[in-house]
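Summary of the model geometry
The primary structure of each chain is shown beneath.
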Amino acid sequence: MASQRRSSSFGTPQQEQLLKSAETFKSALDKSNLQLLRNVTDFHSWKLDPETDDTQELEGARDPGIVAADVVAQTSFLRKLKFQYLEQNAKDRYVKSIVSDIDDAPIVTAEDNKQLLASNAQKKERLKVAKSSLAEMQEDIRALAPLVESDYQKVRGMETEATALAQQIIDARLALTRLRKTHPHPRLTIPLADQKLVNQVEEMQALTDELEAVNAQVQTVKEQVKRSVLDLEALRAERAESEKAVKGARLDDDARLVPLYSWYTASTHLHRSMANLQEAYAASENELRYTYGIDPLVEGEPPHQITITLIFAPDTGKLAAVQTKGLDELGVEIGDLVEAHLQAGDVQGVIAAILGRVRSRHLLE
């Protein structure tokens, strides 16, 4: 059960087996008695005489080619030295045999010479066999050295790769553990992710259809606006003609206009007196200014004036902004009223609300 939990937490059984194989291979390589590196170290640290400091002269003689040349020279020198030794020994023995007494002189017979020749022949034969064996061994070493080095480099590379892979597996396990702690259950599985993707695709398709419908509706509204603009231009032209006709008409010719004019004038005066409207004029094509008088709360104080400026949007004609002047002295705040009536586009309502709050300020205090 523990092995199943471990494999489910950190990897498949095949991955666990590969990791164990890599660790076993690395430990076997570390424990193996490969003498390649030790031989190289011994070669570089070898000294002729430990008691003398001759290593400085041999610092440059680490190349096998240079060492081989030195060996050949030393072998030739030793052969010459051996020949000189044999020559001097033979001379010494010959002189001793001549100078010494007959009784003391060594007797060399033909049988001794034959035995010596046979012994030398056997030694030469053994030496020849040993030399041929040594030459074959050297040839084998020269032939096998590159192969051994190649295999050794491959083994070292495999060992390095196995170590790196083992470290990567450990890092991946740690990262997976952190992710599982950071994102506890329920996690997003592949089927849930696929289902979520399908839902998102359907939602995007629905939004695309809705966008197409909105674009079609926008196009229809644009066409209606164009037709409305044409109708508006025609109405403006008609209005201009009507205004010209009204200006050119004589009031005395139509008896109905006099009562209407009198009623409109009386109504205007009545509104001005009721609302205490002191001044009203158009500052520009889309701006109207109204000045109202406010009665003081305490008798004897001078009357106060406030100015309400209405600004309309040039393209739509709707109420766009409301500006006031003279309310700061009265300590009246009308920000909420203005925002509410701006959203509704109520011109008369915003003026009535401002005047009502200003004139009932004593109740608010």
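Given the structure is predicted, the values throughout are model-derived calculations rather than measurements. (Residues numbered from 1 in each chain as written. Predicted model: local features only at pLDDT ≥ 70, side-chain atom pairs only at ≥ 80, totals over all residues. Heavy atoms only, no water.)

**Side note on the overall build of the chain**
Regarding its fold elements, the chain presents 10 helices and four strands. When the elements of the chain are put in sequence order from the N terminus, they spell out α-α-α-α-α-α-α-β-β-β-β-α-α-α. Taken over 365 residues, the chain has a buried fraction of 13%. Counted over contacts in the chain with a minimum sequence separation of 6, partners at least 24 positions apart contribute 40%. Entry remark: accessible area of the chain is about 30,100 Å², with carbon and sulfur atoms responsible for 58%. (Helix = DSSP H or I, 4+ residues; strand = E, 2+ residues; numbered from the N terminus. Buried < 20%, exposed > 50% of the residue type's maximum accessible area, 1.4 Å probe, protein only. Contact = heavy atoms within 4.5 Å. Areas by Shrake-Rupley, 256 points an atom, 1.4 Å probe, with all protein chains shown as cover.)

**So, the environment of Ser360**
Residue position: Ser360 is located in the loop between α9 (347-359) and α10 (361-364). Distance in space between the C-alpha atoms of Ser360 and Val332 is 9.9 Å, their sequence separation being 28 residues.

**Concerning the nonpolar core**
Of all hydrophobic cores here, the largest spans 21 residues; its most connected members are Tyr292, Ile306, Leu310, Val322, Ile354 and Val358. When residues of this core are traced back to their parent elements, those giving at least two are β2 (287-294), β3 (304-312), β4 (319-325), α8 (335-344) and α9. Per-element tally for this core: the top contributor is α9, with five residues. For Ile306, the residues in contact, after removing those within four places along its chain, are Tyr290, Thr291, Tyr292, Ile294, Lys325, Gly326, Leu327, Leu330, Leu355 and Val358. (Core = buried A, V, L, I, M, F, W, Y, C linked by side-chain atoms within 4.5 Å.)

**Details of the pairing of β3**
Both β2 and β3 contribute to a ladder of eight bridges, which runs antiparallel. The residue bridging Arg289 from the neighbouring strand is Thr309, located in β3. Pairing geometry for β3 and β4, over six bridges, is antiparallel. Counterpart to Ile311 in the pairing with β4 is Ala321. The antiparallel pairing of β3 with β4 creates a hairpin that spans six residues between the two strands, and Gly317 there sits at a positive phi of about 80°. (Pairing = 2+ DSSP bridges.)

**Some thoughts on the sheet that holds β3**
Read from one edge to the other, the open sheet built from four strands follows the order β1-β2-β3-β4, with strand pairing classed as antiparallel. Looking at which strands have only one partner, the edges of the open sheet turn out to be β1 (277-284) and β4. Each strand axis lies, on average, 20° off the axis of its neighbour in the sheet, ignoring direction. Contacts from α9 reach β2, β3 and β4, with the element oriented near 160° to β3. (Axes fitted to C-alpha atoms, helices over the stretch in contact; angles between N-to-C directions.)

**A word on the side chain of Thr291**
Note on placement: Thr291 falls in strand β2. In contact with Thr291, other than residues within four places in its own chain, are Asn276, Leu277, Gln278, Glu279, Gln305, Ile306 and Thr307.

**Things to note about α8**
Restricting attention to buried positions, one finds in α8 the residues Leu337, Val338 and His341. Within α8, the buried residues cover an arc of 95° as seen down the axis, which keeps them to one side. With its phi angle positive at about 70°, Gly345 sits one or two positions after the end of α8. (Arc of directions from axis to C-beta.)

**A word on the pattern of salt bridges**
Per the stated rule, a full pass over the model turns up five salt bridges. We note a salt bridge from Lys91 to Glu87, for which the minimum N-O separation is 3.6 Å. Of the two residues, Lys91 and Glu87 both sit in helix α4 (residues 64-99), four residues apart, roughly one turn of that helix. Exposure remark for Lys91: the relative accessible area of 43% places this residue in the partly exposed category. (Salt bridge = Lys/Arg side-chain N within 4 Å of Asp/Glu carboxyl O.)

**Structural notes on the environment of Ala22**
Summarising the element assignment, Ala22 is placed in helix α2 (residues 13-31). Overall, the relative accessible area of 18% leaves Ala22 in the buried class. For the pair Ala22 and Thr163, spaced 141 residues apart in the sequence, the C-alpha separation amounts to 7.4 Å.

**Brief notes about the packing of α8 against α9**
Between α8 and α9, the shortest axis-to-axis distance is 9 Å and the interhelical angle comes to 165°. Taken together, the axis directions place α8 and α9 in an arrangement best described as roughly antiparallel. At the point where α8 passes α9, the crossing takes the right-handed sense. In this structure, α8 uses Asp336, Leu337, Val338 and His341 to contact α9, whose residues at the interface are Gly349, Val350, Ala353 and Arg357. Looking at side-chain class alone, the contact of α8 with α9 contains four nonpolar, two polar and two charged residues. (Parallel < 35°, antiparallel > 145°, perpendicular 65-115°, else oblique. Left-handed = near helix turned anticlockwise from the far one by under 90°. Nonpolar A, V, L, I, M, F, W, Y, C, P; charged D, E, K, R; others polar.)

**Details of the pairing of β1**
Moving residue by residue along a regular strand, the side chains alternate between the two faces of the sheet. Where β1 lies against β2, six bridges are found, and the strand directions are antiparallel. The residue bridging Leu277 from the neighbouring strand is Tyr292, located in β2. Counted along the chain from β1 to the antiparallel partner β2, the turn is two residues long.

**Section: a nonpolar patch on the surface**
A surface patch of nonpolar side chains, amounting to about 440 Å² of accessible area, comprises Tyr94, Val95, Ile98 and Val99. Along the polypeptide, Val99 turns up in helix α4. Taking the relative accessible area as the measure of exposure, Val99 reaches 66% and is therefore exposed. (Patch = residues over 30% accessible without salt bridge, like charges linked within 9 Å, V, L, I, M, F, W, Y side chains within 5 Å.)

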